[in-house]
Amino acid sequence: MPRLKVISRIGMGYDNVDLQYCGEKGIYVNNVPDYGVDEVADSAMSHILNLLRKTHDLAVAVDQSKEWNTRLASQLHARRLRGKVLGIIGFGKIGKATALRAKGFGLDVVFYDPLLEDGIDKALGVRRASSVRELMSESDIISLHCWLDDQTKHIINEESLSWVKPSGAWLVNTARGAVVHENALVAALLSGRLLGAAIDVVEVEPYPKTGVLFQSVPNLHLTPHTAFYSDEGFVEMRTKAAQEVRRVLVGQKPRNLVNSKFIAYQEQK
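Residues numbered from 1 in each chain as written. Predicted model: local features only at pLDDT ≥ 70, side-chain atom pairs only at ≥ 80, totals over all residues. Heavy atoms only, no water.

Caption draft 1: Focus on the nonpolar core. Counting 34 residues, the largest nonpolar core has Ile89, Met136, Ile142, Leu144, Ile156 and Leu185 as its most contacted members. Only strand 3 (85–89), strand 4 (108–112), helix 7 (132–138), strand 6 (141–144), strand 7 (169–173), helix 9 (182–191) and strand 8 (194–199) provide two or more residues apiece to this core. Here this core takes 5 residues from helix 9, the largest share from any one element. Setting aside anything within four residues of it in sequence, one finds Leu185 in contact with Leu161, Leu171, Val180, Leu194, Ala197, Ile199 and Leu213. The next biggest cluster of nonpolar side chains, apart from the first, holds 20 residues, and it includes Leu51, Leu52, Ala99 and Ala198. (Core = buried A, V, L, I, M, F, W, Y, C linked by side-chain atoms within 4.5 Å. Buried < 20%, exposed > 50% of the residue type's maximum accessible area, 1.4 Å probe, protein only. Helix = DSSP H or I, 4+ residues; strand = E, 2+ residues; numbered from the N terminus. Contact = heavy atoms within 4.5 Å.)

Written out as structure tokens, the structure is:
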């Protein structure tokens, strides 16, 4: 495609685009880096609230039983958020947005992100863990907001789940499916090491009906990769992606160029 000038990703992720190849061919690749920040952070908090306050489970119980039974909250072991430790793995835009929301609920926020400079914790009034193990061992709730790469693939696995405090923890994944090893997740839920989990993304989509997450796993909430969506955000995402294409067509560079180092190398040759 010799006339191709730009690939504008409608969304934040671009791991499905060969950045080096595009750069060598002089093709700009951009994304919409602020898309879905509010939506995913809101969804992460919604999952946390559902897991601990049992809002979804209570609504389902009332709908199925058609009984107004206030004892359901104690039977389902609804829990308080204030004072719980929320551990966030990956502290980019969405991780930070989730942290700010969580602080409003009285959660004690700790994060792990080896790529960030010192001082972010002080600026936002949160704590920083030096390792995944440290974060896992002190968190009541673990929320995943990291990119998918060689370092983060299956970062939640049998070993890292063994670091969870003896009293157990809750897990939320609105990041990338492959950061969680599904068999290890199921085993942790069955053993009680995880008290509950909310999963919005899976390793293979569409998820097969024979997948382990569909096999009556206890205390598991599944949503079909929808944490990013809102009617307002859907329009904004497409508008911003189209604006990036327009910039290239009128002779400018995209504002949110993600293969700049490969483009720069090609221009220097």
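Having seen it, we continue.
Caption draft 2: Quick look at the pairing of strand 3. For strand 3, the tally of buried residues reaches 5 of 5 residues, placing the bulk of the element in the interior. Side chains Val85, Gly87 and Ile89 project from strand 3 onto one buried face, and the interleaved Leu86 and Ile88 project onto a second face that is buried too. In this sheet, strand 4 lies alongside strand 3 in parallel orientation, the contact comprising 5 bridges. Within strand 4, the residue paired with Ile89 across the bridge is Tyr112. (Pairing = 2+ DSSP bridges.)

Caption draft 3: Summary view of the pattern of salt bridges. Counted according to the given criterion, the structure contains 11 salt bridges. Across the salt bridge formed by Glu138 and Arg127, the nearest N and O atoms sit 2.9 Å from each other. You can see Glu138 sitting in helix 7 and its partner Arg127 sitting in strand 5 (residues 127–128), a full 11 residues away along the chain. The class for Arg127 is partly exposed, based on a relative accessible area of 32%. When salt bridges with common partners are traced through the structure, they connect Asp34, Glu236 and Lys240 into a single cluster. (Salt bridge = Lys/Arg side-chain N within 4 Å of Asp/Glu carboxyl O.)

No statement about biological role is implied by the geometric values presented.
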